[in-house]
Amino acid sequence: MSTPFSPQTRVAIIAEFRAARDARDAQKARDIYRAAADHDDTHPDEPSLVDELIGLHVDAMGVAA
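Residues numbered from 1 in each chain as written. Predicted model: local features only at pLDDT ≥ 70, side-chain atom pairs only at ≥ 80, totals over all residues. Heavy atoms only, no water.

Moving on: helix α1 (residues 7-22). Between its first and last C-alpha atoms α1 spans 22 Å; for 16 residues at 1.5 Å apiece the expected length is 22 Å, and the two agree. For α1, every residue scored as buried is listed here: R10, I13, I14, F17 and A20. With its buried residues spanning 125° around the axis, α1 presents them on a single face. Exposed residues pointing more than 90 degrees away from the buried face of α1 are listed as Q8, V11 and D22. In the segment just after α1, R24 is the residue with positive phi, at about 60°. (Helix = DSSP H or I, 4+ residues; strand = E, 2+ residues; numbered from the N terminus. Expected span 1.5 Å × (residues − 1). Buried < 20%, exposed > 50% of the residue type's maximum accessible area, 1.4 Å probe, protein only. Arc of directions from axis to C-beta.)

Given below as structure tokens:
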């Protein structure tokens, strides 16, 4: 069984996802998202990395309203 991602790896994945999104590299962003989903499925007791990636797209003002 694989080990969960370290906090440093999680931060690196989020940064890579942001860079792909900013570069409008949809294929890379999808690949990162799929890897995060696979990780979440394998480690259900860990905080969801997919939720963190989705949270990057949430409008803070819309949530606060």
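Read on for the rest.
Let's shift gears to the packing of α1 against helix α2 (residues 26-42). Here α1 crosses α2 at 150°, and the two axes come no closer than 8 Å. With respect to their mutual orientation, α1 and α2 come out roughly antiparallel. The handedness of the crossing between α1 and α2 comes out as left-handed. Every residue of α2 that contacts α1 at R10, I13, E16, F17 and A20 is listed here: K28, A29, I32 and H39. Class assignment for the residues of the contact of α1 with α2 results in five nonpolar, one polar and three charged. (Axes fitted to C-alpha atoms, helices over the stretch in contact; angles between N-to-C directions. Parallel < 35°, antiparallel > 145°, perpendicular 65-115°, else oblique. Left-handed = near helix turned anticlockwise from the far one by under 90°. Contact = heavy atoms within 4.5 Å. Nonpolar A, V, L, I, M, F, W, Y, C, P; charged D, E, K, R; others polar.)

Let's shift gears to unusual backbone geometry. Positioned with a positive phi, R24 is a non-glycine residue whose angle comes to about 60°. In this fold, R24 is placed in the loop between α1 and α2.

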